[in-house]
Amino acid sequence: MIKNFLRIFLFAILIVSCGYSPMYSKKNLGSFSIQKLTLDGDSDVNKIIKNKLRRYIKQSDENGFLVETNTYYKKKSLTKDTTGNTTKYEILIKANFIIKSNKETKDFAITEVAIMKSFENKFDESQYEKTIKNNLSSLISDKLIIRLQN
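Attention here is on the structure that accompanies the text. (Residues numbered from 1 in each chain as written. Predicted model: local features only at pLDDT ≥ 70, side-chain atom pairs only at ≥ 80, totals over all residues. Heavy atoms only, no water.)

### Regarding helix 3 (residues 122–149)
Argument step 1. Here helix 3 spans 41 Å end to end across 28 residues, near enough to the 40 Å set by a 1.5 Å rise per residue.
Argument step 2. Residues E125, E129, I132, K133, L136, S137, I140, S141, D142, L144, I145 and L148 constitute the buried set of helix 3.
Argument step 3. Close packing links the buried residues of helix 3 with strand 1 (34–41), helix 2 (43–53), strand 2 (65–80), strand 3 (86–100) and strand 4 (105–117). (Helix = DSSP H or I, 4+ residues; strand = E, 2+ residues; numbered from the N terminus. Expected span 1.5 Å × (residues − 1). Buried < 20%, exposed > 50% of the residue type's maximum accessible area, 1.4 Å probe, protein only. Contact = heavy atoms within 4.5 Å.)

Listed below in structure tokens is the structure:
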């Protein structure tokens, strides 16, 4: 009992004294803002990107970026068994960005791909597909944030 308490206490002391701070805390928002965000394409992907970028949107900032986004989602059959049923899918999300600032215009694309196995239960498969879609969309928005910070 005392050993467990000592371990927890030492762990807490080490975490507090090492200067740990969350990566995306309010203090580390970055030195940029988004004046206008335009989203076209897949609505689920756009919703996740918009939620991730919400903290950076400041419409009153005239030095902010104008971000135009076009997203594309595709679920493609990769492999099939002998009966013709799909056993693996490839999930692809591509986002094309046009970033306009006072100085220049940048045009680039971010693509994320994942391989998903097919499930017997179609409900479980659709839930897993949504999870993958959310994760890939979050990756895309994180990469966009990193690009805008540089």
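### Examining the side chain of D42
Argument step 1. Note that D42 resides in the loop between strand 1 and helix 2.
Argument step 2. Residue D42 is classed as buried on the basis of its relative accessible area, which comes to 19%.
Argument step 3. There is a polar contact of 3.3 Å between the side chain of D42 and the side chain of K133.
Argument step 4. The residues contacting D42, other than those within four sequence positions of it, are T71, Y73 and K133. (Polar contact = N/O pair within 3.5 Å; in protein donor to acceptor, adjacent residues only side chain to side chain.)

### Side note on the packing of helix 2 against helix 3
Argument step 1. Interaxial distance between helix 2 and helix 3 falls to 9 Å at its minimum, and their mutual angle equals 45°. Comparing the axis directions of helix 2 and helix 3 gives the class oblique. Crossing handedness for the pair helix 2 and helix 3: right-handed. Packed against helix 2, whose contacting residues are D44, V45, I48, I49, K52 and L53, the element helix 3 presents K133, N134, S137, S138, I140, S141, D142, L144 and I145 at the interface. (Axes fitted to C-alpha atoms, helices over the stretch in contact; angles between N-to-C directions. Parallel < 35°, antiparallel > 145°, perpendicular 65-115°, else oblique. Left-handed = near helix turned anticlockwise from the far one by under 90°.)

### Some words on the packing of aromatic side chains
Aromatic rings considered in pairs are described by the distance between their centres and by the relative angle of their planes.
Argument step 1. Taken as a whole and judged by the stated rule, the model has two aromatic pairs.
Argument step 2. Relative to F108, the ring of F97 lies with its centre 5.5 Å away and its plane at 35°, an arrangement referred to as tilted. Taken together, the residues span a long stretch of sequence, with F97 in strand 3 and F108 in strand 4 at a distance of eleven residues. Each of the two residues, F97 as well as F108, counts as buried.
Argument step 3. Centre to centre, the rings of F119 and Y128 are 5.5 Å apart; their planes meet at 85°, and the pair counts as edge-to-face.
Argument step 4. Against the face of Y73 rests K133, its NZ or CZ located 4.1 Å from the ring centre. (Phe/Tyr/Trp six-rings, centres within 6.5 Å; stacked < 30°, edge-to-face > 60°. Lys NZ or Arg CZ within 6 Å of the ring centre and 35° of its normal.)

### Structural notes on a nonpolar patch on the surface
Argument step 1. Residues M1, I2, F5, L6, F9, L10 and I13 make up a contiguous nonpolar surface patch of roughly 840 Å² in combined accessible area.
Argument step 2. With respect to the element layout, F5 can be found in helix 1 (residues 2–17).
Argument step 3. Classification of F5 by relative accessible area gives exposed; the value is 59%. (Patch = residues over 30% accessible without salt bridge, like charges linked within 9 Å, V, L, I, M, F, W, Y side chains within 5 Å. Areas by Shrake-Rupley, 256 points an atom, 1.4 Å probe, with all protein chains shown as cover. Salt bridge = Lys/Arg side-chain N within 4 Å of Asp/Glu carboxyl O.)

### Here's the deal with the pattern of salt bridges
Argument step 1. For the coordinates displayed, the defined rule picks out nine salt bridges.
Argument step 2. A salt bridge links K52 to D142; the nearest nitrogen and oxygen atoms lie 3.2 Å apart. Here D142 lies in helix 3 and K52 lies in helix 2, a separation of 90 residues in the sequence.
Argument step 3. By relative accessible area, D142 is classed as buried at 19%.
Argument step 4. Through salt bridges with shared partners, a single network forms among K75, K122, E125 and E129.

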